[in-house]
Amino acid sequence: AETGYCVLWQSMGLQAFLSSWLMEPKTGLSPTKITHINLAHNHLSFLPLDIYQLPNLIFLCASHNKLSDMPHVELWLASSKLHILDLSHNCIHCFLHLDSMTGGTPS
């Protein structure tokens with residue numbers, strides 16, 4: 001079995017995360033092999049939409065950042081292999097479209 005890649009960029013003081021950083025040849029990574037991304041404890045205010053297209057991502061930690069919105073997250077969660085999504089300690093108030101997936105209503 002092929003081994004997946006872990007991208008560990010936590011506590012680096014990042015102001016932005018560009019999906020191009022995950023593309024060959026700059027890093028030598030193949031986006032299809034990335035399984036874990038840890039971006040915790042940075043200063044990120046958004047995640048690029050391309051992150052939703054990583055087909056084998058099973059773990060994403062973006063806790064302790066400045067995220068306020070996660071556009072299209074409901075589509076990503078419904079169609080991806082993602083098992084763990086940690087967005088704790090951010091400025092996200094609610095996910096308006098997750099109620100249909102969880103059976104609840106937004107607050």
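None of the values given here were measured: they were computed from a predicted structure.

**Student:** Explain the overall build of the protein to me, using residue names and the numbers behind them.
**Tutor:** When helices and strands are counted, the protein shows two helices and four strands. The order of helices and strands in the protein, counted from the N terminus, is β-β-β-α-β-α. The burial tally for the protein puts 36% of its 107 residues in the buried class. Of the contacts made within the protein by residues no fewer than 6 positions apart, 49% connect residues no fewer than 24 positions apart. Accessible surface computed for the protein: about 6400 Å², of which carbon and sulfur atoms make up 57%.

**Student:** Account for the sheet that holds strand E4 (residues 84-86), with residues named and values stated.
**Tutor:** Taking strand neighbours across the sheet as the criterion, the four strands line up as E1-E2-E3-E4 in an open arrangement whose pairing is parallel. Each end of this open sheet is capped by a strand with a single partner; those strands are strand E1 (5-8) and E4. When strand polarity is set aside, the average angle formed by the axes of neighbouring strands in this sheet is 10°. As paired elements, strand E3 (residues 59-61) and E4 share three bridges and run parallel to each other. Pairing of Phe-59 across the sheet is with Ile-84, part of E4.

**Student:** Could you give an account of the pairing of strand E2 (residues 34-38), naming the residues involved and the relevant values?
**Tutor:** Within E2, four of the five residues are buried, which leaves it mostly tucked inside the rest of the structure. Where E1 meets E2, four bridges bridge the pair, whose relative direction is parallel. The residue of E2 that forms the bridge with Tyr-5 is Ile-34. Summarising the sheet, E2 and E3 pair through three bridges and their orientation is parallel. Bridge pairing links Ile-37 to Leu-60 in E3.

**Student:** I'd like to hear about the environment of Leu-47, residue by residue, with values.
**Tutor:** Note on placement: Leu-47 falls in the loop between E2 and E3. The exposure class assigned to Leu-47 is buried, which follows from its relative accessible area of 7%. For the pair Leu-47 and Ala-62, spaced 15 residues apart in the sequence, the C-alpha separation amounts to 8.8 Å. In this structure, Leu-47 is in contact with Phe-17, Leu-39, Leu-60, Ala-62, Leu-67 and Met-70, ignoring residues within four places of it in sequence.

**Student:** I'd like to hear about the nonpolar core, residue by residue, with values.
**Tutor:** If you look at the biggest cluster of nonpolar residues, it comprises 24 residues, and the most contacted ones within it are Leu-22, Ile-37 and Leu-47. Among the secondary structure elements, those contributing two or more residues to this core are E2 and helix H1 (73-79). If near-sequence neighbours (up to four positions away) are discounted, Ile-37 is found in contact with Val-7, Leu-22, Ile-51, Leu-54, Leu-57, Phe-59, Leu-60 and Cys-61.

**Student:** Summarise unusual backbone geometry; cite the residues concerned and give the values.
**Tutor:** Unusually for a residue other than glycine, Ser-11 sits at a positive phi of about 55°. Here Ser-11 lies in the loop between E1 and E2. Residues other than glycine seldom take positive phi values, yet His-89 does so here, at roughly 60°. Note on placement: His-89 falls in the loop between E4 and helix H2 (99-102).

Rules behind the numbers
- Residues numbered from 1 in each chain as written.
- Predicted model: local features only at pLDDT ≥ 70, side-chain atom pairs only at ≥ 80, totals over all residues.
- Heavy atoms only, no water.
- Helix = DSSP H or I, 4+ residues; strand = E, 2+ residues; numbered from the N terminus.
- Buried < 20%, exposed > 50% of the residue type's maximum accessible area, 1.4 Å probe, protein only.
- Contact = heavy atoms within 4.5 Å.
- Areas by Shrake-Rupley, 256 points an atom, 1.4 Å probe, with all protein chains shown as cover.
- Pairing = 2+ DSSP bridges.
- Axes fitted to C-alpha atoms, helices over the stretch in contact; angles between N-to-C directions.
- Core = buried A, V, L, I, M, F, W, Y, C linked by side-chain atoms within 4.5 Å.

Geometric values such as these leave the question of function open.
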